[in-house]
Amino acid sequence: MQVLCWLLCLGLSEALAVLPKEQVARHAAKLYRSKTPAHGHSWVTNNCKRLVGLLRQKNVAVNKLAVAAVAAGRDQSLSEPEKHFQVHTLEVFQKELNESEHLVFQAVHGLQRVLQGDYRDVVNMKESSRQRLEALREAAIKEEQEYMELVAAEKHQQEALKSALAQNKTLSILEEILEDVRKAADRLEEEIEEHAFDNNKQMKGVNVEAVLRVEEDEEKGGKKKNKSTQEEVEDGLGLSMLIDSQNNQYVLTKPRDSTMPRADHHFIKDLVSVVMLSLPCGWVCSLMGLPPMFGYIMCGVLLGPSGLNSIKSIVQVETLGELGVFFTLFVVGLEFSPERLRKVWKTSVQGSCYLSLLMVAAGLLWGQLLHIRPNQTVFVSTCLSLSSTPLVSRFLAGGSRVDREGELDYSSVLLGMLVMQDVQLGLFIAVMPTLIQAQNGDLDSVLFGGLRVLKLLAQVLVSLAAVLLLCLALRSFLIGPFYKKLHAESKGNKEILVLGMAAFVFFMLTVTELLDVSMELGCFLAGALLSSQGHMVTAEVMGCIEPIRDFLAIIFFASIGLHVFPTFVLYELTILVVLTLTLVVMKFVMAVLVLSAILPPSSRHIRWIVSAGLAQVSEFSFVLGSRARRAGIISREVYLLVLSVTTLSLLLAPLLWRVTTHRWVPRAERKALT
């Protein structure tokens, strides 16, 4: 019987190519009768006869539906809504019949592929499974479209019934007003309807995937009484969560009905949890004599995936934390006057470039000894050469530094080198596509890749020149009048001043992003431009922005803790501690050597403090590492090592900073720093 079924399926599939669909079942029955004994085994014959009958009935029904649709369209006794409803309903039923027939023969094709395949060939089985999955996704889309068409048909039916009732009933003034409002609401829905699903599903690179939809009450384990699931989806003001096959979780960003207000309660709860837990964690660290940022990072560890796993909107929390980076650099720029910038720009450019080159050279040397690919070693060493600007800014916050005539202060040199590293970060992000092509072997030659890197470098230099020219123009013509206007309008009301400062920060951020330069550099330049207006302006702006900066900085440090995995650190504690200490010592020694060579003799004593500030890894290595892992430049193991070493270096940085400043910073200024 099994052999006969196989032969029947093969005969059916071969008949699809040469026979009309209504003759396929008849062909299968004939094939069966020619190969099957007369006694018993009547199941296949009966089902083939049923298939022939169903296909005939389907063709007759489709023809009748087509005739009925034409007749309904020509019926003069029906109103336009009634005509539209009847024709629409008949067309939907026709599509349902055709789609059902298509699914029957699609199943036969799938069975033929399985029978012709080799069960030992995993690749072939995987391809068959992928094709079935694609077919199911397409069927789900078609079924969704048919359902929406039926909903539209039901709506037209209701419109027709209302029109019929309106003709036989005299409406009151209130009912007429409500009818006009209803029509206006229908027009509004048609105007704001974007049809994003239909417009995007045929675009290149768009994939259809199956997702799980988790409602808020189901997520809590509760149920709503006397309310269907569909009503919960349509009427609930909460947000459901979608989970795809890769375990990525999504929340709603733009609802179909824009007239109803909605709130992302997951994000609100996550933000409340972070703020409430950051207080005791930061408090405990302060009582222990540690920087409060330790407590904020530990808060992220406790709430993140490696702890309680209570943070649902990780991406949203990290995005809010990025605003903390922007305002931190803006405050750094307020404390960093153009005069100090002119004093240290040459030292900053030379120091940051030499330090990056030394790190890359050391990485290539270790790569040769350990037989690691050059592009991977260049990427890792470049990531590790960057230092954290927000962390160092917190170190320097509150310090009463005095510039001596003819001397450099350590804060100016340190911040200048960090700003130049942010510029290098923008350049490295621009060069990353070339590294990806080199990894995939898409570049024709090393010479072509080198020329492309030089081209990108020239573009970045041109963009930097454009940014500097814009800053000169803003300082000469716009900053003064702009601040005076804000100051005049904000007397007794600080909202205008805060809004104006935030708008200026975001304006500079947008300009630098459009010019393919680091957004962090734009925030720093915004603060530096405002600091050129004098101490009174700086003090007033600082008083308004610092509370916002502090709150967002807490979110930023907590978001760093979300990427700390204590279990992985404990598993590989020895190797991680060795790698972190080696990296910190190496960066410290390299920075000391570079600064000893470029600093004037009278300022060489500050090389120890600046080197201590640079002896850690920037949090942006998280972003660069994730991009490189997705592109295949580094493996999963290397990515986790970079992640863990970066986190441990950030945790060790305050200790090294405290030890160094205790030796080289005067006592009065040391109290302000700690």
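All values derive from a computational prediction rather than experimental measurement. (Residues numbered from 1 in each chain as written. Predicted model: local features only at pLDDT ≥ 70, side-chain atom pairs only at ≥ 80, totals over all residues. Heavy atoms only, no water.)

S.K.: So what about the overall build of the chain? Which residues, and what values?
M.R.: When helices and strands are tallied, the chain shows 27 helices and three strands. By residue count, 39% of the 674 residues in the chain fall in the buried class. Sequence separation of at least 24 residues holds for 75% of the intrachain contacts in the chain that already meet a minimum separation of 6. For the chain, the computed accessible surface area is about 38,400 Å², with 63% contributed by carbon and sulfur atoms. (Helix = DSSP H or I, 4+ residues; strand = E, 2+ residues; numbered from the N terminus. Buried < 20%, exposed > 50% of the residue type's maximum accessible area, 1.4 Å probe, protein only. Contact = heavy atoms within 4.5 Å. Areas by Shrake-Rupley, 256 points an atom, 1.4 Å probe, with all protein chains shown as cover.)

S.K.: Talk me through the packing of aromatic side chains; I want residue IDs and the actual numbers.
M.R.: Following the criterion strictly, the structure yields five aromatic pairs and no others. A centroid spacing of 6.0 Å and a plane angle of 80 degrees characterise the contact between phenylalanine 327 and phenylalanine 506, whose relative ring orientation is edge-to-face. Taken as a pair, phenylalanine 327 in helix H12 (residues 314-335) and phenylalanine 506 in helix H19 (residues 495-514) lie far apart in primary sequence, 179 residues in all. (Phe/Tyr/Trp six-rings, centres within 6.5 Å; stacked < 30°, edge-to-face > 60°.)

S.K.: Which residues make up helix H15 (residues 389-396), and what are the values?
M.R.: Most of H15 sits out of view: seven of its eight residues are buried. Of all the residues in H15, the buried ones are Thr389, Pro390, Leu391, Val392, Ser393, Phe395 and Leu396. Residue serine 388 occupies the N-cap position of H15, its side-chain oxygen lying 3.3 Å from the main-chain nitrogen of leucine 391. (Polar contact = N/O pair within 3.5 Å; in protein donor to acceptor, adjacent residues only side chain to side chain.)

S.K.: Hey, could you go over the sheet that holds strand S1 (residues 211-214) for me, with residue numbers and the actual values?
M.R.: One open sheet holds the three strands; their spatial order is S1-S2-S3, and the pairing between them is antiparallel. Two strands bound the open sheet, and with one partner strand each, they are S1 and strand S3 (249-251). Pairwise comparison of adjacent strand axes, ignoring direction, gives a mean angle of 25 degrees for this sheet. (Pairing = 2+ DSSP bridges. Axes fitted to C-alpha atoms, helices over the stretch in contact; angles between N-to-C directions.)

S.K.: Tell me about the nonpolar core, and please be specific about residues and values.
M.R.: Among the nonpolar cores identified, the biggest contains 112 residues, and Phe379 and Phe557 are the most heavily contacted of them. Of all the elements, helix H21 (residues 535-561) adds the most residues to this core, at 12 residues. Apart from residues no more than four positions distant in its own chain, phenylalanine 557 is found in contact with Met293, Tyr296, Ile297, Pro390, Leu391 and Arg394. Ranked by size, the runner-up nonpolar core spans five residues in total, among them Val62, Leu65, Ala69 and Leu90. (Core = buried A, V, L, I, M, F, W, Y, C linked by side-chain atoms within 4.5 Å.)

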